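So the chains spell out like this:
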Amino acid sequence: MPIPGHIDPVPIPRPQALRNDKLVDLVGLPIGEIRALLAHAGLDERQARLRAKQIWHQIYNRGAISFEAMSDIAKPQRAWFAERFVIGRPEVVVEQVSTDGTRKWLLKTPDGHDFEMVFIPDADRGTLCVSSQVGCTLNCSFCFTGTMRLVRNLTAGEIVGQVMLARDSLGEWPSLPEGRMLSNIVMMGMGEPLYNFDNVRDALKIVMDGDGLGLSRRRITLSTSGVVPMMARAGEEIGVNLAVSLHAVTKEVRDEIVPLNRKYGIEQLLEACAAYPGANNARRITFEYVMLKDRNDSDDDARELVRLLRKYKLPAKVNLIPFNPWPGAAYECSSDERIRRFSEIVFDGGISAPVRRPRGRDIMAACGQLKSAAQKKSRSELDRIAADRQAEIEAAS
Ligand code: SAH
Ligand code: SF4
């Protein structure tokens, strides 16, 4: 039975608005589609195939952002392309750098919606946290993004465009097989990636394509709050590492903090994890667990977590995430001592349970702190949203 309100996805996401300049953006389109567009614009089949291949290489290997830069195409033809097509990038509104080196970009779509992307550098690698939607329908109560309504799904071009923008900024063109700063991608920015399945899949296919951005699927992780019916397809059609936002081990608590749990319960979710194609001991599923003071952080919770993961024989690791605060949040982070104890219990149960070090908190770039600038709300608005959410919970139960 569908649950009214924000628990069920918007069934028909608002389509992408046309660009004002009416040019067609080639970023995010499969190579076959580029070829078809070139043929439709007037090139013969052979030319269309050849030019599509060259353009693809220029976009994804060389990082070209204009046809003018494509020296392997004759000048008059470059101009012909520029009259019809464009190689888009999300527009950068602001870029911020944290004291710990984390970078956050506020980006804008051509139709004026803003969203965020974060880069987290480490000594010898770096992780890009990519958004899949502007806003989120799911309203997890501890997540700042969840206080936004869903504005729209990002297109495949806007998703892959984030990775390309990060490469621009890091100076990582042409695509190199090894030694990149941008070495890993996590679909953990704004939005629920499995509610924007086709675009996320199409974007990640380009990211993983050896002739595209060439990142191994082992270096990509998709995080879901538990959209059970889409998990098998994610394994089959995308095949990246899976992270699951579990966050609680009882129905009562998970219903409250991850409202989607009222639709797909914990047992159903763990069954879907056990069936996830490609999960094995070498490629374990990550269970994310946000540490909320006095809500989900007791010794009993930790023991129940071990029991559940064992019951389903899951090749699992647990990622303990200290709660990152945001204005108006109704939760507090568990104490360091509590997090350490929780981690020990899970570890003693035979499951690795590292604590994720918060990064970029000073610029609101840490997990769950992303939100469009235009959507940052006042305290009174947040209170109203909390009251609405409570009314929805009551109506649905
Ligand atoms: N929608 C997807 C992916 C984006 S959220 C999902 O929910 O899995 C990425 C991770 O950050 C999720 O595990 C999410 O639950 C967690 N998160 C959200 N708000 C947080 C907060 N305030 N502090 C710490 N982690 C948070
Ligand atoms: Fe959406 Fe994930 Fe935030 Fe939940 S935790 S509101 S699913 S972005």
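In short, a report on the structure. From a predicted model like this one, the values you see are computed outputs, not experimental measurements.

About the criteria used
Residues numbered from 1 in each chain as written. Chains lettered and ligands numbered in written order. Predicted model: local features only at pLDDT ≥ 70, side-chain atom pairs only at ≥ 80, totals over all residues. Heavy atoms only, no water. Near = heavy atom within 4 Å. 1 Å grid on protein atoms, 1.4 Å probe; cavity = no way out; pocket = protein on both sides within 12 Å on 5 of 7 lines; lining within 4 Å. Sits in = over half its atoms within 2 Å of the grid points. Nonpolar A, V, L, I, M, F, W, Y, C, P; charged D, E, K, R; others polar. Phe/Tyr/Trp six-rings, centres within 6.5 Å; stacked < 30°, edge-to-face > 60°. Helix = DSSP H or I, 4+ residues; strand = E, 2+ residues; numbered from the N terminus. Buried < 20%, exposed > 50% of the residue type's maximum accessible area, 1.4 Å probe, protein only. Lys NZ or Arg CZ within 6 Å of the ring centre and 35° of its normal. Contact = heavy atoms within 4.5 Å. Core = buried A, V, L, I, M, F, W, Y, C linked by side-chain atoms within 4.5 Å. Domains from an automatic or database assignment.

Turning next to the site of ligand 2. Taken together, Cys136, Leu138, Asn139, Cys140, Cys143, Gly146, Gly191 and Ser225 are the residues near ligand 2. Because more than half of its atoms lie within 2 Å of the grid, ligand 2 is assigned to the largest cavity. For the shell around ligand 2, the class distribution of residues is four nonpolar, four polar and no charged.

This next bit is on the packing of aromatic side chains. One pair of aromatic rings is described through two measures. These are the centre distance and the angle between the planes. The full count for this structure, using the stated rule, is six aromatic pairs. Ring geometry for phenylalanine 67 and phenylalanine 81: centres 5.5 Å apart, planes at 25°, overall stacked. Of this pair, phenylalanine 67 sits in the loop between helix H2 (45-62) and helix H3 (75-84) while phenylalanine 81 sits in helix H3, and the two are 14 residues apart along the sequence. Just as phenylalanine 67 is buried, phenylalanine 81 falls in that class too. Between phenylalanine 323 and tyrosine 331 the ring centres are 6.4 Å apart and the planes differ by 70°, which places this aromatic pair in the edge-to-face class. Of the two residues examined, phenylalanine 323 and tyrosine 331, each falls in the buried class. Sitting above the plane of the tryptophan 173 ring, arginine 167 keeps its charged end 5.3 Å from the centroid.

Attention now goes to the environment of arginine 219. One can find arginine 219 in the loop between helix H5 (197-208) and strand S10 (220-224). The spatial distance from the C-alpha of arginine 219 to the C-alpha of threonine 127 is 9.2 Å, given a sequence separation of 92 residues. Ignoring any residue separated from it by four or fewer positions in sequence, one finds arginine 219 in contact with Ser183, Asn184, Ile185 and Asn241.

Right, let's get into the nonpolar core. If you look at the biggest cluster of nonpolar residues, it comprises 116 residues, and the most contacted ones within it are Phe142, Phe287 and Val318. Taken domain by domain, this core gets at least three of its residues from each of domain 1 (24-88) and domain 2 (91-363). Once residues lying within four places of it in the same chain are set aside, the contact partners of phenylalanine 287 are Val244, Leu246, Leu270, Cys273, Leu309, Leu314, Ala316, Lys317, Val318 and Asn319.

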